[in-house]
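Results of the structural survey
These are the residues of each chain, in order.
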Amino acid sequence: MEPSGASPPQTTIWRHLQARAKPLLSPKLGSRDPEDKKDRGGGIFKKMKRRELAVLDRVISSSQPDLLFSGPGLGREEPPPQKPPVAHHKSSSLGAACLEKLAEPPGGSGEAESRDEQPRLAPPSSGMYKLEVELKRGRNLAVRDRGGSSDPYVKFKLAGKEVFRSKTIHKNLNPVWEERSTLCLDCLSDPLYVKVFDYDFGLQDDFMGSAYLHLESLEQQRTIPVTLELKDPQHPDQDLGSLDLSVTLTPKDSPVEERRDSATMLLRRSWKRSTKQSLRLSDLHRKSQLWRGIVSIALIEGRNLIPMDPNGLSDPYVKFRLGPQKYRSKTVPKTLSPQWREQFDLHMYEETGGVLEITVWDKDTGRRDDFLGRCQLDLSTLPKERTHHLDLLLEESRGLLVLLVTLTASSHVSIADLSLTPLDDPLERREVLARYGALRSFSNIKDVGIVQVKVMRAEGLMAADVTGKSDPFCVLELNNDRLQTPTVYKNLNPEWNKVFTFNVKDIHAVLEVTVFDEDRDRSADFLGKVAIPLLHIRNGEQKSYELKNKELTGRTKGTIYLEIDLVYNTVKAALRSVVPAEQKYIEEEPKVSKQLLQQNFNRVKRCIMVLISYGAFINSCFEWESAQRSIISFVLFVVVVWNFEVYMLPMALLLLLVWNYVMSSIRGTTDTSLDAMFEWEDEEEDREDKEAEPKGFMDKLYAIQDVFISVQSALDDVASYGERMKNTVNWTVPFLSWLAIAVLSSATVLLYLVPLRYLLLAWGVNKFTKKLRDPYLIDNNELLDFLSRVPSDVQVMQYRELKTESGQTPVKRRRTAPT
């Protein structure tokens with residue numbers, strides 16, 4: 001900085017050097033007063049110095065008990081107040097660094113000034129360093145899974161970027177990794193940030209603790225054991241266990257370079273990360289997501305399982321685990337020889353296939369499920385491209401499971417940069433088109449096609465961090481296939497420019513693209529989501545999609561740009577349309593929601609109202625509300641019944657489909673009635689929310705009560721008519737049963753003697769002329785009227801007489817009678 005009392009020659013030199021450095025300065029820095037900048041810089045440095053010392057003491061005392069601290073790099077004395085050193089921030093520009101050099105007193109050098117200053121926390125870097133870290137094991141880690149265990153893995157971060165990720169150890173709170181990693185460092189000022197997570201397939205991984213390893217405190221050229229105590233910044237008093245490391249810090253063999261200022265060091269470190277390190281990390285990120293094959297498993301049945309319930313039976317279900325992937329079968333109640341008949345696919349991330357772990361459980365309501373047995377299957381022993389029929393004996397109990405297992409290779413899943421798009425290569429595109437051409441329609445029926453998704457960029461995302469920015473990354477899901485982009489830090493308009501390729505097994509699947517904000521110590525924040533059915537894709541068209549909320553019912557902030565190409569075989573897609581659809585392994589647990597209950601009730605009500613409206617229209621023809629319509633309906637009915645043949649049933653459905661296709665082509669592809677319906681529901685919900693604010697809790701309770709009463713009444717009507725038909729057959733009311741026998745006998749004789757078309761004509765003529773013969777006749781339905789006379793099970797119980805217990809006097813009966 002320019003001193004206030006500088007001599008005229010010094011002022012001239014200062015202005016000359018400032019003019020040479022002006023292109024490197026930002027406009028704000030260039031216009032700032034030097035004296036004001038000096039005072040502000042000194043105050044900021046004092047605050048940062050005190051904060052760094054406090055954080056260092058806290059982190060060292062909690063996370064590095066095995067390290068001994070000595071040497072000038074860790075001095076606790078504060079520099080003299082009369083000569084504060086200049087603080088170097090990560091955000092300093094190259095122009096700011098030039099100003100600091102120009103601010104030295106004339107005749108003095110930077111080396112003399114550095115000798116007068118007190119030692120700093122971060123010693124000046126004299127070159128490159130090599131850090132060798134051995135991740136040994138964890139001790140007493142936190143429980144994050146329901147089974148009382150965790151699936152931990154460790155991340156190392158340096159300067160905000162991930163530089164190492166360990167393998168995942170499943171179901172272990174004291175995992176042993178024994179993994180090594182070598183890192184190249186430019187300086188020792190940035191601590192190594194160590195984080196532990198619990199892996200959850202298909203969900204956001206759970207945070208298990210973190211710690212800092214300050215590199216300035218390490219003794220060079222010596223292997224040092226380190227124990228890091230894991231902590232949660234949100235809950236600092238919680239014990240999350242510890243990690244055992246072995247660390248070796250050595251300077252690289254290179255000539256000693258001149259001392260660089262912090263801005264130049266930042267530029268060199270950023271350049272190195274953006275070239276070598278980012279390439280290494282992106283390659284690691286890509287390999288960790290891609291699977292090498294598919295394990296197709298058909299769970300057929302179980303035999304001779306052990307009984308766990310008091311009735312001598314069990315309610316068995318099966319759990320499968322292959323690496324991080326999990327699948328749970330349906331529960332078959334009350335049996336020791338269950339028939340599941342389920343088929344699902346798992347991904348093979350290892351070349352050999354890995355070990356498939358299988359456990360059998362008995363479902364118990366209200367308490368913990370009972371263990372029935374386990375078995376393992378080494379997939380490396382099974383030949384690929386063949387279906388294997390396996391009878392697996394349970395190891396810890398009796399019984400066996402019957403499986404069909406098929407191992408197939410997967411070559412259509414990939415992650416690439418935008419410059420290496422697979423389908424943009426003409427040769428590769430021709431191979432893909434030939435693979436899914438008409439000549440191969442009946443080979444490998446499950447391989448329907450491939451879909452290529454270019455994730456370009458997003459704009460105007462929601463700010464999820466307190467800094468007004470976000471750290472967005474994108475997750476793509478197609479059924480149970482899941483891939484994701486790298487994270488773009490501190491950006492509301494990220495550019496990913498990645499290409500993802502998925503294998504299509506069902507043309508009716510939906511591609512879900514979700515944008516999250518990465519948080520250092522918490523679960524990722526949701527930013528937006530879009531769902532794109534594969535049949536809605538237009539090949540080669542870059543399209544912008546407005547992000548929606550989690551329920552995909554409303555708009556949220558932001559737009560994502562995608563370009564999707566779909567190649568599939570039509571015959572395979574048609575054949576796969578009539579087989580059971582693939583179920584997601586992990587679904588969100590249903591929650592009680594008044595809005596969801598009301599919405600589902602309205603959906604059922606709309607379907608019933610459509611049927612009622614059709615019935616009312618037909619009844620209006622019988623009632624002669626419109627003479628012209630009734631005459632046309634009567635003539636059409638007579639012609640159709642007289643000339644009816646069985647082939648007319650599918651022809652009628654065909655005509656209905658053709659009619660709706662023509663009408664939709666005239667109106668357009670958008671269903672305005674559906675949009676209007678959901679807009680009406682949204683308006684109703686908004687109005688209810690506004691009205692609910694002054695109403696309070698009791699009115700909300702009454703609204704829920706109305707829905708429950710309607711559902712209760714509808715279920716009672718359905719159950720009552722079903723029970724009445726059963727009681728008619730069971731001779732609950734003999735008179736009505738004899739009446740039913742008489743009617744059915746007459747109908748049998750008539751159908752035997754008279755053709756059906758004549759009976760239908762007689763019924764139709766009677767219905768159409770009933771109103772003409774008796775204008776004041778009250779219409780009725782004879783079948784429903786008959787069933788209304790048959791009591792339901794509830795009414796039968798109510799009408800049943802109580803038997804008198806023998807040996808009781810009338811006084812005792814009165815005393816024991818319920819009030």
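Going by the structure above, here's the rest.
Conventions used here
Residues numbered from 1 in each chain as written. Predicted model: local features only at pLDDT ≥ 70, side-chain atom pairs only at ≥ 80, totals over all residues. Heavy atoms only, no water. Pairing = 2+ DSSP bridges. Helix = DSSP H or I, 4+ residues; strand = E, 2+ residues; numbered from the N terminus. Axes fitted to C-alpha atoms, helices over the stretch in contact; angles between N-to-C directions. Patch = residues over 30% accessible without salt bridge, like charges linked within 9 Å, V, L, I, M, F, W, Y side chains within 5 Å. Areas by Shrake-Rupley, 256 points an atom, 1.4 Å probe, with all protein chains shown as cover. Salt bridge = Lys/Arg side-chain N within 4 Å of Asp/Glu carboxyl O. Lys, Arg positive; Asp, Glu negative; His and termini not counted. Charge placed at Lys NZ, Arg CZ, Asp CG, Glu CD. Buried < 20%, exposed > 50% of the residue type's maximum accessible area, 1.4 Å probe, protein only. Core = buried A, V, L, I, M, F, W, Y, C linked by side-chain atoms within 4.5 Å. Contact = heavy atoms within 4.5 Å. Phe/Tyr/Trp six-rings, centres within 6.5 Å; stacked < 30°, edge-to-face > 60°. Parallel < 35°, antiparallel > 145°, perpendicular 65-115°, else oblique. Nonpolar A, V, L, I, M, F, W, Y, C, P; charged D, E, K, R; others polar.

The subject of this paragraph is the sheet that holds strand β6 (residues 206–213). Across the sheet, 4 strands lie side by side as β3-β2-β5-β6; this open sheet has antiparallel pairing. The open sheet has two edge strands, β3 (161–165) and β6, and neither has a second partner. Pairwise comparison of adjacent strand axes, ignoring direction, gives a mean angle of 25° for this sheet. Pairing analysis gives 4 bridges linking strand β2 (residues 152–158) to β3, with the strands arranged antiparallel. Note on β3: the bridge partner recorded for Phe156 is Phe164.

In this section: the sheet that holds strand β14 (residues 370–378). As a general point, the strands of a sheet are linked pairwise by backbone hydrogen bonds and lie either parallel or antiparallel. If you trace the 4 strands from one edge of the open sheet to the other, you get β11-β10-β13-β14, paired in antiparallel fashion. Each of the sheet's edge strands pairs with one partner strand only, and the pair in question is β11 (325–328) and β14. For this sheet the average axis-to-axis angle between neighbouring strands, irrespective of direction, equals 15°. Note that strand β13 (residues 355–362) and β14 share 8 bridges and pair antiparallel. Within the sheet, the bridge partner assigned to Leu356 lies in β14 and is Leu377.

Further remarks concern a positive patch on the surface. A cluster of basic residues, Lys319, Lys326, Arg328 and Lys363, forms a positive patch on the protein surface. Inspection of the secondary structure assignment puts Lys319 in strand β10 (residues 316–322). Given the relative accessible area of 35%, Lys319 is considered partly exposed.

Moving on to unusual backbone geometry. With a phi close to 55°, Asn304 is a non-glycine residue in the positive phi region. Structurally, Asn304 can be placed in the loop between β9 (293–303) and β10. Non-glycine residue Lys490 carries a positive phi angle of around 55°. With respect to the helices and strands, Lys490 occurs in the loop between β20 (481–484) and β21 (495–504).

Counting 34 residues, the largest nonpolar core has Val451, Val455, Leu534, Ile560 and Ile564 as the members making the most contacts within it. Contacts of Ile564, omitting those with residues within four sequence positions, involve Val451, Gln452, Val453, Leu511, Ile532, Ile537, Arg538, Asn539, Gly540, Glu541 and Tyr545. Grouped together as the second largest cluster of nonpolar side chains are 33 residues, Val133, Val163, Val194 and Leu245 included.

This part takes up the packing of aromatic side chains. A complete count under the given rule lists 16 aromatic pairs for this structure. The interplanar angle of 20° and the centroid separation of 3.8 Å between the aromatic rings of Tyr327 and Phe344 together place this pair among those described as stacked. A residue pair is termed long-range when its members are at least 10 positions apart, and Tyr327 in strand β11 and Phe344 in strand β12 (residues 339–348) qualify at 17 residues. Taking the centre distance of 6.1 Å and the plane angle of 45° together, the rings of Phe637 and Phe768 count as tilted. Of the two residues, Phe637 is situated in helix α10 (residues 627–642) and Phe768 in helix α15 (residues 756–773); the sequence distance between them amounts to 131 residues. Given a relative accessible area of 5%, Phe768 falls into the buried group. In textbook terms, an aromatic cluster arises when at least three aromatic residues are bridged by ring pairs, as seen for Phe622, Phe634, Phe637, Trp763 and Phe768.

Here we come to the pattern of salt bridges. Counted by the stated rule, this structure contains 18 salt bridges. Taken together, the shared-partner salt bridges connect Asp424, Lys454 and Glu563 into one network.

All right, on to the environment of Ala438 then. Here Ala438 lies in the loop between α7 (426–435) and β18 (449–459). Using a relative accessible area of 67% as the deciding quantity, one classes Ala438 as exposed. Placed 133 residues apart in sequence, Ala438 and Val571 show a C-alpha to C-alpha distance of 7.8 Å.

In contact at an axis separation of 9 Å, α10 and α15 are set at 170° when each is read in the N-to-C sense. By the criterion of interaxial angle, the relationship of α10 to α15 is roughly antiparallel. From α10, Ser630, Ser633, Phe634, Phe637, Val638, Val641 and Trp642 reach across to α15, where they touch Arg757, Tyr758, Leu760, Leu761, Trp763, Gly764, Val765 and Phe768. Residues that form the contact of α10 with α15 fall into these classes: 11 nonpolar, 3 polar and 1 charged.

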